[in-house]
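Spelled out from the first residue to the last, the chains are:
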Amino acid sequence: MARISIDPVTRIEGHLRIDAEVDGGKVSRAWASCTMWRGIETILRGRDPREAWVFAQRFCGVCTTVHAMASVRAVEDALSLDVPLNAQLIRNLILIGHALHDHIVHFYHLSALDWVDVAAIPRADPTKAAAIAASLSDWPGNSPQEMKKVQGKVVALLQSTQLGIFANGYWGHPAMKLPPEVNLLALTHYFQALEFQRKANQVVAILGAKTPHIQNLAVGGVMNAINFDSLATLNLDRLYMIKTLIDEIVPFVHQVYLPDACAIAGFYPEWFAIGGGVRNYLAVPDLPVDGKASAFDLPGGRIMAGELAGVVPITGSRDAAFRKGVVEDVTHAWYKGRGPQHPWQGETDPDYTDFQDDGKYSWVKAPRFDGKPMQVGPLANVLVGYAQQHALTRKWTDDALGRVSKIAGRPIGVDRMQSTMGRYLSRAIRSAMLAELATNHWERLVDNISKGDSTSYNIPSFPKGAVEGVGLHEAPRGTLSHWVVIKNGVLSNYQAVVPTTWNASPRDEGGLPGPYEASLVGTPVANAEQPLELLRTVHSFDPCMACACHTLDPSGRTIATVKVL
Amino acid sequence: MNLAVIGLGNVLLGDDGFGPFVVELLRTRYVFPPEVELLDLGTPGLGLITYLHGHDAVVIVDAVTGAGNPGDVRVYEGAELERLPIAPRVSPHDPAVSEALGVARLAGTGPIDVCLVGAVPGSRELGAGLSPRARAAADAAAEIVRRRVEERGFAIRSRDADPLEQNWWVRSCS
């Protein structure tokens with residue numbers, strides 16, 4: 001038996017550590033640990049709720065926008081404060097821009113090289129690669145010349161003494177199975193994707209006044225002054241800049257990202273049988289289309305034990321079952337306290353031991369819903385929508401599974417989505433949906449302003465005594481909730497239950513593992529020294545772990561240590 | 001030619017906020033020409049690539065470990081940064097300066113002239129504001145950045161008013 005410990009930044013505190021015991025070529029037990037204290041919410045106690053979002057968006061450097069949004073929504077929920085329709089739509093466009101940026105970066109720049117073998121690219125025939133690309137989509141950026149150019153760059157880099165960004169990949173690993181031409185095609189799109197993730201980020205920058213760390217939010221709406229004809233406001237010029245960007249991003253998502261994700265899934269169909277893990281799914285509704293946030297373009301719900309037919313909708317932040325159902329358990333986390341606590345009563349009192357396999361081993365608390373671990377993220381999003389016959393979810397899921405089945409040469413149905421590959425594919429499906437909604441929400445915003453509505457902000461007022469609220473956002477990595485208690489206009493408690501806490505949660509009081517841990521069990525490992533398969537499953541969740549500490553380490557890092565037990 | 005001064009780090013974690021602090025210090029002390037952008041990027045991980053685009057030169061300011069005692073300031077040139085080993089990343093948070101530079105170079109859209117001005121952090125505990133040593137290092141780093149920007153032909157003017165000594169995250173946390 002071997003024990004693999006993936007601790008990518010061993011000299012820096014604050015990251016995801018994965019431990020896995022491998023027995024007979026498969027993972028038999030796994031632990032997910034966050035190695036840094038995450039009690040960053042405590043900095044918000046005693047503050048003005050109207051400025052909490054400015055701090056909340058510094059919780060995390062990668063998902064700044066999502067914390068800002070959940071924070072203002074939490075305070076609005078506590079005050080039962082409606083938001084003008086213009087503000088909802090502007091926020092939605094920001095959230096869509098952010099999510100598309102994030103999903104494109106995840107697929108191409110953070111995880112594609114788990115599946116794409118750069119070392120095979122010199123053997124590819126660029127003309128054949130272009131022909132394969134043409135069979136997948138009408139994208140104009142797939143010419144043989146374009147492929148040849150990228151192949152040239154790779155060949156030059158592989159021949160140089162420094163491999164640069166490709167220095168540490170698991171090239172030639174037995175789990176790499178794409179034809180050389182498909183590797184070249186994917187890497188060509190890796191470079192093209194740089195431009196489109198930037199365009200998605202520009203949508204956020206124009207509406208949010210700045211990225212990262214948007215400036216336009218306020219409890220009660222947005223601070224964008226709206227006037228079609230004024231130079232200093234959100235005017236027609238700016239709105240058409242956004243439309244131009246959306247019109248460039250949408251074809252990239254529909255003609256490049258989705259077909260690429262389907263192609264990789266079709267060439268690796270065995271990964272539809274690996275990494276299922278926790279089969280309870282949770283997603284909250286998002287993209288509200290009215291001021292009260294009573295109707296949404298993306299549905300929420302929960303599915304238990306993988307039974308899509310038993311889906312229960314979640315209707316919004318006022319959903320009684322949701323407000324009551326979420327608790328956090330610290331039995332195996334480095335905090336004091338016993339038994340599960342509701343976030344409004346949540347405490348964050350550190351109690352560090354060391355890494356104990358059967359005791360405490362993580363700074364992440366274990367969120368549970370009705371006592372059960374839940375998987376969150378694009379897969380939960382897609383399954384919850386599919387199970388509720390949501391038309392847009394069905395359209396793009398069926399489209400994607402049709403493409404995958406064609407390439408794999410056998411039918412792959414929605415039942416196979418509860419897997420490592422299902423998580424990758426769901427992110428592309430969700431992106432395709434969001435791309436379509438981007439145009440739709442832009443049109444609604446312009447329509448509403450055209451009707452003469454230029455309001456974007458309602459003034460909040462704080463009651464005497466205590467009020468509680470929860471702000472929800474279905475973020476790129478899944479369900480995000482900020483829980484606030486406001487006493488006499490001041491924050492007395494603030495808890496953020498973030499997507500990666502759901503997915504990377506340690507075991508709970510009853511010993512039930514979290515989604516990362518459960519999904520790793522059974523994952524095959526061909527070579528314990530090169531645990532590529534573990535990274536594929538961990539990356540499928542798009543971990544966003546150390547929502548905080550970042551210090552450059554010029555002395556280098558190690559990725560995996562392997563101990564034979 | 002244009003240039004960006006990029007501050008990296010988390011302002012809620014003590015000396016980890018060194019980079020953004022230096023950027024704010026420069027903003028309050030000097031007026032830069034429009035070709036020079038000052039960017040507080042927080043902790044973008046690989047998202048740094050997005051902001052490298054379109055700049056001929058960048059000066060990154062960050063906290064660095066393993067380089068000496070708290071408050072020590074070190075300057076790394078671009079080639080040195082790109083030689084740092086890159087490991088497969090688990091989370092998008094893993095510091096990604098060398099990887100982002102490598103991707104930008106390969107894509108042909110990145111800056112040609114790169115350096116990083118780093119300070120060794122003392123405390124990285126939860127809380128806003130710098131330790132006294134890091135605060136002293138911030139002055140030294142700001143001076144290094146100012147000189148580097150001027151050497152590239154940009155005219156910098158000192159502000160007349162007293163510089164704002166504290167940033168928003170320090171002011172509202174003290």
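Residues numbered from 1 in each chain as written. Chains lettered and ligands numbered in written order. Predicted model: local features only at pLDDT ≥ 70, side-chain atom pairs only at ≥ 80, totals over all residues.

## Side note on the overall build of chain B
Move 1: Secondary structure assignment for chain B yields six helices and seven strands.
Move 2: Walking chain B from its N terminus toward its C terminus, one meets helices and strands in the order β-α-β-β-α-β-β-α-α-β-α-β-α. (Helix = DSSP H or I, 4+ residues; strand = E, 2+ residues; numbered from the N terminus.)

## Things to note about the pairing of strand E13 (residues 466-475) of chain A
Residue and element names in this part refer to chain A.
Move 1: Along E13, seven of the ten residues are buried, which leaves the element largely enclosed by surrounding structure.
Move 2: The pairing of E13 with strand E14 (residues 478-487) spans ten bridges and is antiparallel. Within E14, the residue paired with Gly-469 across the bridge is Val-484.
Move 3: The turn linking E13 back onto E14 is made up of two residues. (Buried ≥ 20, exposed ≤ 12 C-beta atoms within 10 Å, placed from the backbone. Pairing = 2+ DSSP bridges.)

## Observations regarding the nonpolar core
Move 1: Ranked by size, the top nonpolar core spans 197 residues in total, and within it B:Val22 and B:Val61 carry the most contacts.
Move 2: With 15 residues, helix H3 (residues 85-111) of chain A is the single largest residue contributor to this core.
Move 3: Aside from chain neighbours lying at most four places away, what touches B:Val22 is B:Gly7, B:Val61, B:Ala138, B:Ala141, B:Ala142 and B:Val145.
Move 4: One finds A:Leu16, A:Ala333, A:Ala504 and A:Val525 within the second-largest nonpolar core, a separate group that totals 26 residues. (Core = buried A, V, L, I, M, F, W, Y, C linked by C-beta atoms within 7 Å. Contact = placed C-beta atoms within 7 Å.)

## Examining the environment of A:Tyr352
Residues and elements named next belong to chain A.
Move 1: Its place among the elements puts Tyr-352 in the loop between strand E11 (326-329) and strand E12 (366-369).
Move 2: Note on Tyr-352: 9 C-beta atoms within 10 Å, which makes it exposed.
Move 3: With 247 residues separating them in the primary sequence, Tyr-352 and Val-105 have C-alpha atoms 34 Å apart.

## Observations concerning helix H6 (residues 180-208) of chain A
Move 1: For H6(A), spanning 29 residues, the distance from its first C-alpha to its last is 42 Å, which sits close to the expected 42 Å at 1.5 Å a residue.
Move 2: A maximum bend of about 35° is found in H6(A) at A:Gln192. (Expected span 1.5 Å × (residues − 1). Bend = angle between axes of the 7 residues up to and from the residue.)

## So, the environment of B:His53
Move 1: Mapped onto the fold, B:His53 is located in the loop between helix H2 (48-52) and strand E4 (57-63).
Move 2: Along the sequence, B:His53 and B:Gly7 sit 46 residues apart, while their C-alpha atoms lie 16 Å from each other.

## Notes on the sheet that holds strand E10 (residues 312-314) of chain A
Residue and element names in this part refer to chain A.
Move 1: Judged by pairing direction, the sheet is antiparallel, and its three strands sit side by side in the order E6-E9-E10 without closing on themselves. Because the sheet does not close on itself, it has two edges, and the strands there are strand E6 (281-283) and E10. Across the sheet, the mean angle separating the axes of adjacent strands is 20° when strand polarity is ignored.
Move 2: Direction of pairing for strand E9 (residues 300-303) relative to E10: antiparallel, over a ladder of three bridges. Looking at the pairing, Arg-302 lines up with Val-312 of E10. (Axes fitted to C-alpha atoms, helices over the stretch in contact; angles between N-to-C directions.)

## Topic: the packing of H6(A) against helix H7 (residues 236-267) of chain A
Residue and element names in this part refer to chain A.
Move 1: It is at 9 Å that the axes of H6 and H7 come closest, and there the two elements cross at 150°. Put simply, H6 runs roughly antiparallel to H7. Regarding H6 and H7, the two cross each other, and that crossing is left-handed. Each of Val-182, Ala-186, His-189, Gln-192, Phe-196, Lys-199, Ala-200, Gln-202, Val-203, Ile-206 and Leu-207 in H6 lies in contact with H7, whose residues at this interface are Arg-238, Met-241, Ile-242, Leu-245, Ile-246, Glu-248, Ile-249, Phe-252, Val-256, Asp-260, Ala-263 and Phe-267.
Move 2: When grouped by side-chain class, the residues that make up the contact of H6 with H7 number 16 nonpolar, three polar and four charged. (Parallel < 35°, antiparallel > 145°, perpendicular 65-115°, else oblique. Left-handed = near helix turned anticlockwise from the far one by under 90°. Nonpolar A, V, L, I, M, F, W, Y, C, P; charged D, E, K, R; others polar.)

## Considerations on the confidence of the model for chain A
Residues and elements named next belong to chain A.
Move 1: Taken over all residues, the pLDDT of chain A has a mean of 91, while the share at 70 or more is 94%.
Move 2: Scored below 50 in pLDDT, residues 9-14 shows 22 contacts in the model against residues more than four places distant or in partner chains.
Move 3: In the model, residues 546-559 has pLDDT below 50 throughout and makes 71 contacts with residues more than four positions away in sequence or in other chains. (pLDDT = per-residue confidence, 0-100.)

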